[in-house]
Amino acid sequence: MSAKSAIYKEIFAPHDERMLGAVQVKRRTKKKIPFLATGGQGEYLTYICLSVTNKKPAQASITKVKQFEGSTSFVRRSQWMLEQLRQVNGIDPHRESAEFDLLFENSFDQWVASTASEKCTFFQILHHTCQRYLTDKKPEFINCQSKIIGGNSILHSAADSVTSAVQKASQALNERGERLGRAEEKTEDMKNSAQQFAETAHKLAMKHKC
């Protein structure tokens, strides 16, 4: 089982939440944390997770999850409602970078993702989630590559293409239907003409017979 699957099973599933995405991170600048605050458990892995409740109305949140060295379980450390997110900083809009910052109402963290591509995927999911679940006070996305925040434009373009294709197909079917209708009319006319011809021929035959 992957780490992200295990996090979902241990942290979010018991609370009837869906995990939308997660990124493994390390701090760019380490905070001085007292030994007792960590429980003396030494090194650990950190994940920033995005989740949403299954219960309506759906509420999205960002959770910091840790796995301490020598342990197979995960621990929920901090959690923020998505509404508390004020700014997402991608650091450099001109190149792929694993670094990013998250600014909340009451905290600010500087992170480095395990890879630039993992950060990019998480940002795309985060941006889409903000657009979907936040009606106002949406966070500001700065210094992000266009492919990260342009996902909606891509989706809209794809939707427009599909709509256009459906409209063209519908028009073609309508035109085909009109052609079939005209063909049926011609067939009916030919049928009526043939019937009239047969009746006339029959009358003529009966007349000559008499």
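- Per an unreviewed UniProt entry, the recorded name for the chain is Syntaxin-binding protein 6, and the organism is Gekko japonicus.

## Remarks on the packing of aromatic side chains
Working step 1: Taken as a whole, this structure holds four aromatic pairs when the rule is applied.
Working step 2: Look at Y44 and F68: their rings are 5.5 Å apart centre to centre, the planes differ by 65 degrees, and that puts the pair in the edge-to-face class. Linking Y44 in strand β2 (residues 44–53) with F68 in strand β3 (residues 60–68), this pair joins segments that are 24 residues apart in sequence.
Working step 3: By relative accessible area, which is 28% here, Y44 ends up partly exposed.
Working step 4: A ring pair is formed by F100 and F123, whose centres lie 5.4 Å apart and whose planes are at 80 degrees; its orientation type is edge-to-face. Here F100 is found in strand β6 (residues 99–104), whereas its partner F123 is found in helix α2 (residues 116–133), with 23 residues between them in sequence.

## What about the pairing of β2?
Working step 1: In terms of residue burial, β2 counts as a mostly covered element, since eight of its 10 residues are buried.
Working step 2: Of the pairings in the sheet, the one linking strand β1 (residues 17–27) to β2 comprises eight bridges and is antiparallel in character. Opposite G21, over in β2, you have L50 as the bridge partner.
Working step 3: Summarising the sheet, β2 and β3 pair through nine bridges and their orientation is antiparallel. When the sheet's bridge partners are listed, S51 is paired in β3 with S61.
Working step 4: Taking the residues between adjacent antiparallel strands as the criterion, β2 and β3 are bridged by six residues.

So, how was this worked out
- Residues numbered from 1 in each chain as written.
- Predicted model: local features only at pLDDT ≥ 70, side-chain atom pairs only at ≥ 80, totals over all residues.
- Heavy atoms only, no water.
- Phe/Tyr/Trp six-rings, centres within 6.5 Å; stacked < 30°, edge-to-face > 60°.
- Helix = DSSP H or I, 4+ residues; strand = E, 2+ residues; numbered from the N terminus.
- Buried < 20%, exposed > 50% of the residue type's maximum accessible area, 1.4 Å probe, protein only.
- Pairing = 2+ DSSP bridges.

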